[in-house]
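Results of the structural survey
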Amino acid sequence: GKGFDPRVVARRYEQLADLSARLEVLSEPLRVTAEGLKAFMRMWDFDLGVLYQMKNASLDPVLVVGAGPDKAREAARALDPAVSGAFQALVFEQREPVLVLDYADWEGAEPAFKDSGLATVVGVPLRTSGELFGVLCIGTFGQVADIGPDTKTVLSAIQLRVERALERIHLLDSLRETRQEALRVVGLTLEYRDFETKGHTDRVTQLAGMLGRACGLTPEQLETLTWGSYLHDVGKIAIPDQILLKPGRLTASEFEYIKSHTLIGEEMLRNLSFLSDAVLQVVRHHHERWDGQGYPDGLAADEIPYLARLFAISDVYDALTSERPY
């Protein structure tokens with residue numbers, strides 16, 4: 001069969017290299033698994049592919065691709081997650097690729113899939129951080145697939161590549177969460193100096209996030225806005241207590257000192273290479289005003305960076321609705 005053709009085998013390994021390159025630039029688990037699913041189908045000319053993702057201790061069909069019969073697509077989507085299906089459960093239990101060459105004669109065949117004409121089915125489990133992420137299944141209909149001796153090897157290679165990509169995403173997400181929590185702690189340190197603004201950091205961050213989502217910000221922009229929110233007042237760490245905590249109105253010179261916190265904060269944070277210029281813009285420009293009467297640069301209207309404008313709304317709102325010594 002064509003599975004023994006050296007040219008076919010060579011093409012599959014060439015496609016494996018191409019898959020590895022595509023996975024390197026992806027940062028969303030479902031996009032990674034979708035690429036793995038498509039790679040399966042291209043290598044063996046399969047008709048239908050399904051991703052069953054692990055959710056609440058059961059396998060839930062979350063992605064169906066290909067041109068299989070309507071009956072098969074309906075059966076895939078209607079699979080009871082609590083039961084998981086005989087074939088999917090077998091893949092889950094064995095934790096390694098499973099191949100059923102002639103599904104119609106398989107003892108575990110489910111009537112809905114059998115009636116749809118499912119002939120050959122392959123399942124591959126996917127793990128990340130030692131936990132099952134999901135199961136990829138591909139199938140042919142009407143005719144048993146021509147499977148060669150390299151099938152298991154190639155399946156395991158695809159599994160390994162997809163799992164590595166998922167693990168990379170998981171590690172990056174964990175690093176991002178750790179980094180974000182560290183930035184939040186930096187913002188909270190100011191609240192221990194100024195008890196009148198207790199909770200200010202979390203409040204303005206939540207408000208800015210709500211406003212950003214309402215304005216249609218991308219996930220990357222929302223993260224930038226969050227980081228800028230946590231760090232916006234970090235420059236106040238250099239402001240003396242007798243000015244920062246003064247219970248009455250500030251003098252002109254004292255107010256000039258207060259205004260310097262935007263520049264001090266930006267200068268401090270420039271030493272953190274992972275912070276983007278957009279984050280620093282929120283820190284520097286969150287006291288600019290639409291009429292150009294703000295500080296430190298007197299920017300007006302659209303001259304003010306967009307994320308700094310969004311944050312300023314949240315910051316001013318919280319200041320107006322909280323008791324402040326000034």
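This report concerns the structure included in the present document.

What counts and how
Residues numbered from 1 in each chain as written. Predicted model: local features only at pLDDT ≥ 70, side-chain atom pairs only at ≥ 80, totals over all residues. Heavy atoms only, no water. Helix = DSSP H or I, 4+ residues; strand = E, 2+ residues; numbered from the N terminus. Rg over C-alpha atoms; globule rule 2.2 N^0.38 Å. Buried < 20%, exposed > 50% of the residue type's maximum accessible area, 1.4 Å probe, protein only. Contact = heavy atoms within 4.5 Å. Areas by Shrake-Rupley, 256 points an atom, 1.4 Å probe, with all protein chains shown as cover. Pairing = 2+ DSSP bridges. Axes fitted to C-alpha atoms, helices over the stretch in contact; angles between N-to-C directions. Salt bridge = Lys/Arg side-chain N within 4 Å of Asp/Glu carboxyl O. Patch = residues over 30% accessible without salt bridge, like charges linked within 9 Å, V, L, I, M, F, W, Y side chains within 5 Å. Polar contact = N/O pair within 3.5 Å; in protein donor to acceptor, adjacent residues only side chain to side chain.

Attention now moves to the overall build of the chain. For the chain, the count of helices and strands is 13 helices and 5 strands. Relative to a compact globule of 326 residues, whose C-alpha radius of gyration would be 20 Å, the chain shows 28 Å and is clearly more extended. By the burial criterion, 47% of the 326 residues in the chain qualify as buried. Put simply, 61% of the contacts in the chain that link residues at least 6 apart link residues at least 24 apart. Approximately 16,600 Å² of the chain is accessible, and the part contributed by carbon and sulfur atoms is 54%.

This paragraph deals with the sheet that holds strand 2 (residues 58-66). Pairing within the open sheet is antiparallel, and its 5 strands lie in the order 2-1-5-4-3. At either end of the open sheet lies a strand with only one pairing partner, and these are strand 2 and strand 3 (98-100). Ignoring which end each strand starts from, the neighbouring axes of this sheet average 15° apart. Of the strand pairs in this sheet, strand 1 (residues 48-55) and strand 5 (residues 131-141) are connected by 6 bridges, and their pairing is antiparallel. Bridging from a neighbouring strand, Leu51 pairs with Leu136 of strand 5. Running over the sheet, helix 4 (residues 86-94) touches strand 1, strand 2, strand 3, strand 4 (118-128) and strand 5 and is turned about 40° from strand 4.

Peptide bonds are, in most cases, trans, and in most cases residues other than glycine have a negative phi. The omega angle of the peptide bond from Tyr295 to Pro296 is 10°, so this bond is cis rather than trans. Looking at the element boundaries, Pro296 is found in the loop between helix 12 (277-285) and helix 13 (306-320). Notably, Arg95 is not glycine yet its phi reads approximately 60°, a positive angle. Mapping Arg95 onto the fold places it in the loop between helix 4 and strand 3. The backbone of Ala301 shows a phi angle near 50°, a positive value even though the residue is not glycine. Here Ala301 shows up in the loop between helix 12 and helix 13.

A few words now on the pattern of salt bridges. The tally for this structure, following the rule as stated, stands at 16 salt bridges. The shortest N-O distance in the salt bridge between Glu181 and Arg184 comes to 3.1 Å. Of the two residues, Glu181 and Arg184 are both situated in helix 6 (residues 151-189); the distance of 3 residues between them amounts to about one turn of the helix. Lys246 is paired through a salt bridge with Glu254; the nearest N and O atoms lie 2.7 Å apart. Residue Glu254 is classed as buried on the basis of its relative accessible area of 18%.

There is a patch of nonpolar side chains on the surface, built from Leu99, Leu101 and Val144 and spanning about 210 Å² of accessible area. When you line up the elements, Leu99 lands in strand 3.

Mapped onto the fold, Glu288 is located in the loop between helix 12 and helix 13. For Glu288, a relative accessible area of 6% translates into the label buried. Separated by 16 residues in sequence, Glu288 and Ile304 place their C-alpha atoms 7.0 Å apart. Contact partners of Glu288, with chain neighbours within four places excluded, come to Gly294, Tyr295, Pro296, Asp297, Gly298, Leu299 and Ile304. A polar atom in the side chain of Glu288 sits 3.1 Å from the backbone nitrogen of Gly298.

The subject of this paragraph is the pairing of strand 1. Along strand 1, 6 of the 8 residues are buried, which leaves the element largely enclosed by surrounding structure. For strand 1 and strand 2, the ladder comprises 8 bridges, and the chain directions are antiparallel. The partner of Val50 across the bridge, within strand 2, is Val64. Connecting the antiparallel pair strand 1 and strand 2 is a turn made up of 2 residues, with Asn56 showing a positive phi of about 55°.

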